[in-house]
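# Summary of the model geometry
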Amino acid sequence: MMVSADQQGGTSSYGSLNGSMQAFLAEVRKDLEQGMLSPRVLNDPDIHRAELDRIFTRCWVFVGHISEISDPGDYVLRYIGEDQFILVRDESGEIQLLMNNCVHRASPVCRAEKGNTSHFRCPYHGWIYKNSGEWNGAPFRAKAYPKIDTARWGLRKAPHVDSYQGLIFACLDPQAMPLREYLGDMCWYLDVLFGLNEQGMRVAGDPHRWIVPANWKSGAENFVGDAYHVQSAHRSLEDIGLLPDAGGASTGNFHVTLEGGHGLIVSRGFLPEPHYGIMDYPSEVTSTFDLTRFDADQREFLESRYTVVGFTIFPNLSLIHAATPPEPGLPPVSFTCLRQWQPRGSEEFELWNWPLVWNAAPPEFNHASYDASVLGFSPSGVFEQDDTVVWRGGPMVGRSAFARKDMKLNFEMGLDGMSDYEPRLDWIGPGEASTSAFGEKNQRRWWQRWCDALASS
Ligand code: FES
Ligand SMILES: [Fe+2]
């Protein structure tokens, strides 16, 4: 598959797809309607390049949590696709996303992962930028640059940065739709997850980061709808007492499918009342929640003990919200992690994981919640190891000479009455809910959105 000259930086801002890529995407769409997918999508370097050019430059992409940059001058290094940026709160309190490359000779201007500064000084020749990105000076300026157009030579900035419920997103496309429109009905679910009280959530330290030998889309697709794998991939956790019922985790969930490739896995809370309640939190945490913040449907969702187990916001932000013991033998504790699937070439991704805790919760609960999340979902997480091992298969099959030509992966579950998977007609929230998670509708919709994003002009 060849990348066109346009795609390498030619006539249009995002490049145009060549004929073979367009034909391949048409084949992928047709296959998805029939419940199939070519494994080439999980390793092809040209597809990877097109994703960077056409998905990560045009979608709203998560770049951090508001609590990571609470004071003027706070900054962290972040990625959109494979481009590195500085997420910073400038001196006026505005959030900026600045490309971490000097406009003189492209040297990275910031080499610390996080910190607080009013200016960034490039290590190469010493150009200085304000934390708002503006050019601010250079060594021997009077001799070297007496006439420089300072307004022109600031750091490159993302044209759009916005946040919702503490989650900061950026979009590199000047023509982007507003963030709330992009998130659509996902806002309703972000409200019930993160808006349970005015104090909100914060990150519990820096994000964990590690390399996984698989394609980034395997993670995004798993968290948008794959509850089915729990009974198999995570079966051993039942054996060691960390998961009470691996089969139940597969059967007790259902899907909510949203527009835009976003989707959720939803369940009913299972920790016993009266000590546990909303979202499986214990009473010392639920007592801090304020349900008057919600509309009637959201209150019914919460009071009926529905809980969001996982989601994916297209393209690469996911969430896990579950309750497992902080160590074997202890009772389960509810935890929440944001996780991002950062592409690093076509056959590896970097997994970023942010455990979150409630600002108003007792510190003992937050510690236990953090420990439970780390035991399950982190570089050493027992769930994590199960998942990342099985995702290795995508690139293996994608590069296989035998499989590459015509092998198709099965995405049939839930198609045409194949499984116990019907519309949930009385669903109280937005989106299309299903009666079970024995379907792959969310996954197919995610891949269709992926096709749309790659193919759109
Ligand atoms: S590359 Fe930054 S000052 Fe020259
Ligand atoms: Fe899993």
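- Looking at an unreviewed UniProt entry, one finds the chain named Phthalate 3,4-dioxygenase alpha subunit and attributed to Streptomyces himastatinicus ATCC 53653.
- Turning to the chain, the UniProt record has this under Sequence similarities (unreviewed entry): "Belongs to the bacterial ring-hydroxylating dioxygenase alpha subunit family."

## A closer look at the packing of helix α2 (residues 45–54) against helix α16 (residues 441–455)
- Look at α2 against α16: their axes get within 9 Å of each other, and the N-to-C directions meet at 75°. Judged by the angle between their axes, α2 and α16 are roughly perpendicular. Of the residues in α16, those in contact with I47, A50, E51 and R54 of α2 are W450, A453, L454 and A455.

## A word on the coordination of the iron ion (ligand 2)
- Donor atoms from the polypeptide that coordinate the iron ion (ligand 2) comprise H229 (NE2), H234 (NE2), D387 (OD) and D387 (OD), at 2.1 to 2.4 Å from the metal.
- One can describe the site at the iron ion (ligand 2) as irregular: its 4 donor atoms subtend angles covering 55 to 143° at the metal.
- Here the donor residues of the iron ion (ligand 2) are spaced in sequence according to H-x4-H-x152-D.
- With a relative accessible area of 2%, H234 lands in the buried category.

## A few points about the sheet that holds strand β2 (residues 61–65)
- If you trace the 3 strands from one edge of the open sheet to the other, you get β2-β11-β10, paired in antiparallel fashion. Only two strands of the sheet have a single neighbouring strand rather than two, namely β2 and β10 (160–164). This sheet shows a mean twist of 30° between the axes of neighbouring strands, independent of strand direction.
- Summarising the sheet, β10 and strand β11 (residues 167–171) pair through 5 bridges and their orientation is antiparallel. Note that in β11 the partner of S163 across the bridge is I168.

## Details of the domain arrangement of the chain
- One can read the domain layout of the chain as domain 1 (61–175) and domain 2 (184–455).
- Centre-to-centre, using C-alpha coordinates, domain 1 lies 32 Å away from domain 2.
- The partner domain 2 presents 24 residues to the 16 residues of domain 1 that form the contact.
- Approximately 1700 Å² of surface area, both sides summed, lies buried where domain 1 meets domain 2, with 60% of it carried by carbon and sulfur atoms.
- Between domain 1 and domain 2 we count 2 salt bridges in total.
- Residue K114 is joined to D206 by a salt bridge in which the shortest nitrogen-to-oxygen separation is 2.8 Å.
- The interface formed by domain 1 and domain 2 includes 9 residue pairs in polar contact (both at pLDDT 80 or more).

Analysis parameters
- Residues numbered from 1 in each chain as written.
- Chains lettered and ligands numbered in written order.
- Predicted model: local features only at pLDDT ≥ 70, side-chain atom pairs only at ≥ 80, totals over all residues.
- Heavy atoms only, no water.
- UniProt positions renumbered as here; feature names shortened; annotations may be inferred.
- Axes fitted to C-alpha atoms, helices over the stretch in contact; angles between N-to-C directions.
- Helix = DSSP H or I, 4+ residues; strand = E, 2+ residues; numbered from the N terminus.
- Parallel < 35°, antiparallel > 145°, perpendicular 65-115°, else oblique.
- Contact = heavy atoms within 4.5 Å.
- Donors = N, O, S within 2.8 Å, 3.2 Å for Na, K, Ca; no water.
- Tetrahedral: all angles 85-135°; square planar, octahedral: opposite > 155°, others 65-115°.
- Buried < 20%, exposed > 50% of the residue type's maximum accessible area, 1.4 Å probe, protein only.
- Pairing = 2+ DSSP bridges.
- Domains from an automatic or database assignment.
- Buried area = accessible area lost by both parts, 1.4 Å probe.
- Salt bridge = Lys/Arg side-chain N within 4 Å of Asp/Glu carboxyl O.
- Polar contact = N/O pair within 3.5 Å; in protein donor to acceptor, adjacent residues only side chain to side chain.

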